[in-house]
Amino acid sequence: MTGSLLKANFWSPDILSTVGYDSIIQHLNNGRKNCKEFEDFLKERASIEEKYGKDLLSLSRKKPCGQSETNTLRRALEVFKQQVDNVAQSHIQLAQTLREEARKMEEFREKQKSQRKKTELVMDAVHKQKSLQFKKTMDAKKSYEQKCRDKDDAEQAVHRSANLVNLKQQEKLFVKLATSKTAVEDSDKAYMLHINALDKVREEWQSEHIKACEVFEAQECERINFFRNALWLHVNQLSQQCVTSDDMYEEVRKSLEMCSIEKDIEYFVNQRKTGQTPPAPVMYENFYSPQKSAAPPGKSTGPNLARRGPLPVPKTIPDDPDYSLVDNYSLIYQ
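Let us look at the structure shown here. In this text, all values refer to a predicted model and were calculated from it rather than measured experimentally.

Quick notes on the packing of aromatic side chains
Phase 1 of the analysis: For the structure on display, the rule yields seven aromatic pairs.
Phase 2 of the analysis: Between the aromatic rings of phenylalanine 108 and phenylalanine 226, the centroid separation amounts to 4.1 Å while the plane-to-plane angle is 5 degrees, which identifies the pairing as stacked. Placement of the pair is phenylalanine 108 in helix H3 (residues 71-160) and phenylalanine 226 in helix H4 (residues 167-257), with a sequence separation of 118 residues.
Phase 3 of the analysis: It is lysine 130 that lies over the ring of tryptophan 205; its NZ or CZ is 3.7 Å from the centre.

Let's talk about empty space enclosed by the protein
Over the atoms rolls a probe the size of a water molecule, and in doing so it shows where empty space is left.
Phase 1 of the analysis: The final tally for this structure, using the stated rule, is four cavities of 30 Å³ or more.
Phase 2 of the analysis: By volume, the largest cavity is sized at about 80 Å³.
Phase 3 of the analysis: Every residue along the wall of the largest cavity is listed here: Leu28, Arg32, Cys35, Arg109, Gln112, Lys113, Arg116, Gln219, Glu220 and Arg223.
Phase 4 of the analysis: Put simply, the parts of the chain that give the lining of the largest cavity at least two residues each are helix H2 (19-62), H3 and H4.
Phase 5 of the analysis: Broken down by element, the residue count for the lining of the largest cavity peaks at four residues, all from H3.
Phase 6 of the analysis: Considering only residue class, the lining of the largest cavity consists of two nonpolar, two polar and six charged.
Phase 7 of the analysis: Here the second largest cavity is characterised by a volume of approximately 70 Å³.
Phase 8 of the analysis: Every residue along the wall of the second largest cavity is listed here: Phe10, Trp11, Ser12, Asp14, Ser17, Thr18, Val19, Gly20, Tyr21, His127, Trp205 and His209.
Phase 9 of the analysis: For the lining of the second largest cavity, the secondary-structure elements that each account for two or more residues are H2 and H4.
Phase 10 of the analysis: If one sorts the elements of the lining of the second largest cavity by residue count, H2 sits on top with three residues.

Observations concerning the packing of H3 against H4
Phase 1 of the analysis: Where H3 contacts H4, the two axes come as close as 6 Å, and the packing angle between them is 170 degrees. Relative to H4, the element H3 is oriented roughly antiparallel.
Phase 2 of the analysis: Tallied by class, the residues present in the contact of H3 with H4 amount to 42 nonpolar, 24 polar and 20 charged.

Focus: the pattern of salt bridges
Phase 1 of the analysis: With the rule as written, the count across this model stands at 26 salt bridges.
Phase 2 of the analysis: Put simply, aspartate 139 and lysine 135 hold a salt bridge, and the shortest N to O gap is 3.2 Å. Linking aspartate 139 with lysine 135, this pair stays in helix H3, spanning four residues, or about one helical turn.
Phase 3 of the analysis: For aspartate 139, a relative accessible area of 41% gives the class partly exposed.
Phase 4 of the analysis: Between lysine 151 and glutamate 155 there is a salt bridge, with its nearest N and O atoms 3.0 Å apart. Linking lysine 151 with glutamate 155, this pair stays in helix H3, spanning four residues, or about one helical turn.
Phase 5 of the analysis: In the salt-bridge network here, residues are joined through shared partners; they are Arg32, Glu39, Lys43, Arg109 and Glu110.

Describing the environment of glutamate 110
Phase 1 of the analysis: Tracing the backbone through its elements, the reader meets glutamate 110 in helix H3.
Phase 2 of the analysis: The spatial distance from the C-alpha of glutamate 110 to the C-alpha of arginine 32 is 9.2 Å, given a sequence separation of 78 residues.

Focus: unusual backbone geometry
Phase 1 of the analysis: Residue asparagine 71 is not a glycine yet carries a positive backbone phi of 60 degrees.
Phase 2 of the analysis: With respect to the secondary-structure elements, asparagine 71 resides in helix H3.
Phase 3 of the analysis: Take asparagine 71: its relative accessible area is 17%, and that puts it in the buried class.

A look at the side chain of serine 17
Phase 1 of the analysis: Assignment of secondary structure puts serine 17 in the loop between helix H1 (5-9) and H2.
Phase 2 of the analysis: A distance of 3.4 Å separates polar atoms of two side chains, one belonging to serine 17 and the other to serine 12.
Phase 3 of the analysis: For serine 17, the side chain forms a polar contact with the main-chain nitrogen of valine 19, separated by 3.2 Å.

Calculation criteria
Residues numbered from 1 in each chain as written. Predicted model: local features only at pLDDT ≥ 70, side-chain atom pairs only at ≥ 80, totals over all residues. Heavy atoms only, no water. Phe/Tyr/Trp six-rings, centres within 6.5 Å; stacked < 30°, edge-to-face > 60°. Helix = DSSP H or I, 4+ residues; strand = E, 2+ residues; numbered from the N terminus. Lys NZ or Arg CZ within 6 Å of the ring centre and 35° of its normal. 1 Å grid on protein atoms, 1.4 Å probe; cavity = no way out; pocket = protein on both sides within 12 Å on 5 of 7 lines; lining within 4 Å. Points joined across faces, edges and corners; volume = space filled by probe spheres on them. Nonpolar A, V, L, I, M, F, W, Y, C, P; charged D, E, K, R; others polar. Axes fitted to C-alpha atoms, helices over the stretch in contact; angles between N-to-C directions. Parallel < 35°, antiparallel > 145°, perpendicular 65-115°, else oblique. Salt bridge = Lys/Arg side-chain N within 4 Å of Asp/Glu carboxyl O. Buried < 20%, exposed > 50% of the residue type's maximum accessible area, 1.4 Å probe, protein only. Polar contact = N/O pair within 3.5 Å; in protein donor to acceptor, adjacent residues only side chain to side chain.

Written as structure tokens, this is what we have:
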């Protein structure tokens, strides 16, 4: 940047106007405000990251997560908890980094403010000087113009008194005319002196305005570049956080790949097995059987041979009126 854009485009035909300078100052103030807003954004994002990291850390360390698992899945869960802890720590670290970036932005703002203050003080002084000298010049011009009108009135009075016989009156008019001419010459000199002084002040103000434009343009270039780089760095830090978290979660995925369903089940069997013999069937026990077992229900007592056999079939007695045979079936009549 050559510093030529501002100094070529912020003028006004009105010698008292500061509209160009004021426009530049307003833009610089807005730029400073924008930096402050980004600084506050970084601080708030840092608070969010810190809270998230602490909450995640508390979750990892206090909340059970598959604590009764065994063998390979247990080891994977341990890796998972550790990596969640690591991710939490990385978010807390990111919060500290963001606060550091916010501090750098604040320092940059204050540095530019201090540099601007020097130029603004000079410009305020030349603006006041220009306004004061312009007022003096206009007062001198007003006085000069009044003296000219007084001289013209005196000349007209002399012409009108040419036919007067009263010489004393004429002499008085001539004295007044001479005095007015002297006053015009004096006011004219004073007016010219003020014009020259105003032009000198104007040139000084113009020179300082150009210098200020160059300083302010250089500052604005620096500010935009700093702001752009700060924003670029910020998103890089956020991207790095994602990469870091993914690297940690990759360790969990690797541990999960080492899990073996068969091994975990075998481990459970070996650690908790209770035996390989299932219970025998619960047998029927006839209450009237002489071999009734006194064993409690559900306990095997060995083979039970006292099972109830088929009911005996009464002998058929043809002469017995209480029995009759029908197709080899016994019917009992009451």
